[in-house]
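Coordinate inspection notes
Below are the chains, spelled out letter by letter.
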Amino acid sequence: MSQLAGKPAAAKAAELSRQRLIERETSGAKPYLLMPLLALLAVLLLLSLALGSASIPLEQIITVLLGGQADHQSWTNIILKFRLPKTATAALAGMALGVSGLLMQTYFRNPLAEPFVLGVSSGASLGVALVVLSSGAVGGALLAGLGLAGDLLLTAAAGAGAALSMSLVLLVAVRVRSGVTLLVLGLMFGYLVGALVSLLLYFALPERIQAYINWTFGSFSGVTAAQLPILALFVISGLLLSAALVKPLNALLLGEDYARSLGIHLRWTRFAIILATALLVSAVTAFCGPIAFLGIAVPHLARGWLGVSDHRLLLPGVCLAGACVALCAALIAELPGNNLVLPLNVVTALLGAPVVMLVVLRQLRGRA
Amino acid sequence: MMLSTRSLSIGYRRRGRPDAVLAEALDLRLQPGELVGLLGPNGIGKSTLLRSLGAMQRPLAGRVLLGERDVARLKPQERARRLSMVTTAAPRPRLMSGYALVTLGRHPHTDWLGRLSAEDHKIIAWALQAVKGAELARQPVAELSDGQRQKLMIARALAQQSDIMLLDEPTAFLDLPRRIETMALLKQLADETGLAILVSTHDLDLALRNCDRLWLMSRAGIKAGAPEDLALDGSLGATFHAEGIHFDQRRGSFTLDQSAGPGVYVAGDGEPAIWLRRALTRAGYALTDRSGRIELSHQQNGRGSSWQLRIKDRISQHATIEAALNELERRTK
């Protein structure tokens, strides 16, 4: 900038925009590629509000969204009480899972890393399984008769389990230097907790097991309008923290040693990445269940579409793509025009597993 | 700015056992504008020394000073503005252009988003130009050769505009022209920009030709000095002695200790004589200083040139060095 001082402001601006063009060209970054994603997200949001067991015309939805009343009171209720929370939950969860996957993949420099590898979903499962078993031991009627309260208890337990496992990972992460070691520890922690969950389930009553299984299926519909702000608070703070990390994340693409030599404070960066992951994943897992494959698949989809590794572009891209994929999965799970609802995890696995396979195959080809 | 060490001791801490000390009581100095070659056998601790100097690894004792300040106490960003590194790690990030890779070198100088000013772009372009890698800017890093990627890693370190650059075996995995080019580049950078460069390498010959000073690392510690001084006082030979390598003081290069065969005399100093001596050394013959039992020479006459082999009083002519060597072997075995 210094040699530009003294030039007229317009000339300065022209010079800078010319330089930005050079940068854009040479780094292959194409920010305009975000626009189609944004348009797709808008369409999917509207579709998610319109489609369901009762189809509602588009103009009615817009009327309700703008604060008006639909032709039928029931439509207004459906939109505001059910479809809006569900749609917002799906979009938030998609963003959160996608971004947490991106953070982990960059930090561990492993294309298959995702937050669940660190044991967060196992921790949440343990919390849920503990509630299931204790209710079985204290008295069979405790949960079955409680309905909503039982749901809340399950959710709280899942959140506590997720937060606990994440704090454990945080504790270890401050001391352990290598990313690979942390990855292995996370995996082993997951197995350990998985075994405990199996043990608890083994001794649980059949109807409790059913409640647990239902949670593991995953769903965006369980979040009420009252719970939504809590989820949003966690997810948005996690996303903001991630946005503050784009520069260290870019440096980490060269590995920890190079990131450090580029002036990145490694210990703080590591802490911030795991904290962001905890914020993003624990609330989503507690409210929606352990949703598989979004964390792995979404960052790869975004990279494939945008063609860059620069997190300044990748982060918004992953947000948009994550919301789109989650909304898509929710739409498919509800099978519009049908009363049947498929488990969400079935759909995400069907969408996500092929992506993971493609990534693995492409990696093998790259190595050969 | 000068990089120096005060009673530095490097190595690894081990739980329940004494520390693995690789070198201790090091008092080293790296001056602005000089290219220093770090030489030593494998496993002697060259990488550990470089990592300790770059604050990537905590020393067992003593301090590393940048100017007057302890490297370990500097904030990461401030350290990165003064000291850049090229390590042996060979990252191949996907979906990253050469330009974007060099851009990372501006990190210690940019804001939290890593936004680049026109000045930053100028420096990146200069760094790419300096390593003769301008044409790599648009190419994906993952598809480059080792040599091209190494160029970009050095350009990235240059873009950091540090006072000191540490390189850990930057010429490993490169072909000979690339190695010569890289060392020449480092020498030129040290001369022209005042950058202090420390480079560890196994290319003894290139280090001897290009470095202003050498740090010879052996079990006994580190001996510093000009290459020629270290050659003449025998330090160079001593450092690599254990490896079964012999430093030829006259020719200024290393050879393997294998001259167990009979002595052969080669007369003259012309080009044919030089290559004849190389061939004999390679084939395991010792060279003698005066005419003796066996003598090889180059003959020029009206019909062309030939190689004459004399063993005692039997003389034979050969069209090529290869043929002469074959005859020599047949007769002396």
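Residues numbered from 1 in each chain as written. Chains lettered and ligands numbered in written order. Predicted model: local features only at pLDDT ≥ 70, side-chain atom pairs only at ≥ 80, totals over all residues. Heavy atoms only, no water.

**Let's talk about the sheet that holds strand S10 (residues 213-218) of chain B**
All names here are of chain B. Inclusion rule: Paired strands, in this sense, are two strands between which DSSP finds at least two bridges. Numbering goes from the N terminus for both helices and strands, where a helix is a DSSP run of H or I of at least four residues and a strand is a run of E of at least two. Angles here are taken between N-to-C directions and fall from 0 to 180 degrees, while the axes themselves are lines fitted to C-alpha atoms, restricted in helices to the stretch in contact. The contact criterion used is simple: two residues touch if any of their non-hydrogen atoms lie within 4.5 Å.
In spatial order, the strands read S7-S8-S9-S4-S10-S11; together these six strands make up an open sheet with mixed pairing. Single-partner strands in this sheet number two, and they are strand S7 (83-86) and strand S11 (221-225). Going from strand to strand, the sheet's axes swing by 15 degrees on average, the running direction of each strand aside. Where strand S4 (residues 35-39) and strand S9 (residues 196-200) come together, four bridges link them in parallel fashion. For Gly37, the partnering residue across the bridge sits in S9 and is Val199. Contacts between helix H1 (residues 46-53) and the sheet are confined to S4, S7, strand S8 (164-168), S9, S10 and S11, with S8 contributing the most and set at about 150 degrees to the helix.

**Digging into the interface of chain A and chain B**
Rules: By convention, the term buried area covers the 1.4 Å-probe accessible surface removed from two parts as they join, with the contributions of both added. When a carboxyl oxygen of Asp or Glu is within 4 Å of a side-chain nitrogen of Lys or Arg, the pair counts as a salt bridge. A 3.5 Å cut-off defines polar contacts: any pair of N or O atoms within that distance qualifies, except that in protein one atom must be a possible hydrogen donor and the other a possible acceptor, and neighbouring residues in sequence count only when both atoms are side-chain atoms.
Listed per partner, the contact involves 35 residues of chain A and 42 residues of chain B. Summed over both partners, the interface of chain A with chain B comes to about 3300 Å²; 57% of that surface belongs to carbon and sulfur atoms. For the pair chain A and chain B, the interface holds one salt bridge. Among the ionic pairs, Asp257 of chain A bridges to Arg51 of chain B, the shortest N-O distance being 2.8 Å. Between the two partners, chain A and chain B, sit nine residue pairs in polar contact (both at pLDDT 80 or more).

**Some points on the confidence of the model for chain B**
Residue and element names in this part refer to chain B. What counts, and what does not: What pLDDT conveys is the predictor's confidence in a given residue, as a value from 0 to 100.
Residues with a pLDDT of 70 or more make up 95% of chain B, whose mean pLDDT is 88. When pLDDT is averaged over each element of chain B, S9 comes out on top at 97 and strand S13 (residues 253-256) at the bottom at 67. As a predicted assembly, this complex carries a pTM of 0.82 together with an ipTM value of 0.80.

**Re the packing of aromatic side chains**
How two aromatic rings sit relative to each other is given by the distance of their centres and the angle of their planes. Residues and elements named next belong to chain A. Put simply, the test is: Stacked, edge-to-face and tilted labels apply to pairs of Phe, Tyr and Trp rings (six-membered ring for Trp) whose centres lie within 6.5 Å, assigned for plane angles under 30 degrees, over 60, and everything in between, in that order. Exposed residues in this analysis have more than 50% of their type's maximum accessible area, buried residues have under 20%, and partly exposed residues fall in between, with area computed by a 1.4 Å probe over protein chains only.
Using the criterion set out here, one finds three aromatic pairs over all chains in the structure. Look at Trp268 and Phe271: their rings are 5.9 Å apart centre to centre, the planes differ by 85 degrees, and that puts the pair in the edge-to-face class. Residue Trp268 and its partner Phe271 are both found in helix H13 (residues 266-288); the two are separated by three residues, about one turn of the helix. Overall, Trp268 belongs to the exposed group, its relative accessible area being 59%.

**Side note on the nonpolar core**
Defined as follows: Only buried residues count toward a nonpolar core, which is a set of Ala, Val, Leu, Ile, Met, Phe, Trp, Tyr and Cys residues joined through side-chain atoms within 4.5 Å.
The biggest cluster of nonpolar side chains holds 145 residues, and the ones touching the most others in it are Phe220 of chain A together with Ile197 of chain B. Counting residues per element, this core draws most heavily on helix H15 (residues 311-334) of chain A, which supplies 16 residues. In terms of nonpolar packing, the next biggest core, distinct from the first, is built from 28 residues, Met56, Leu83, Ala196 and Trp215 of chain B among them.

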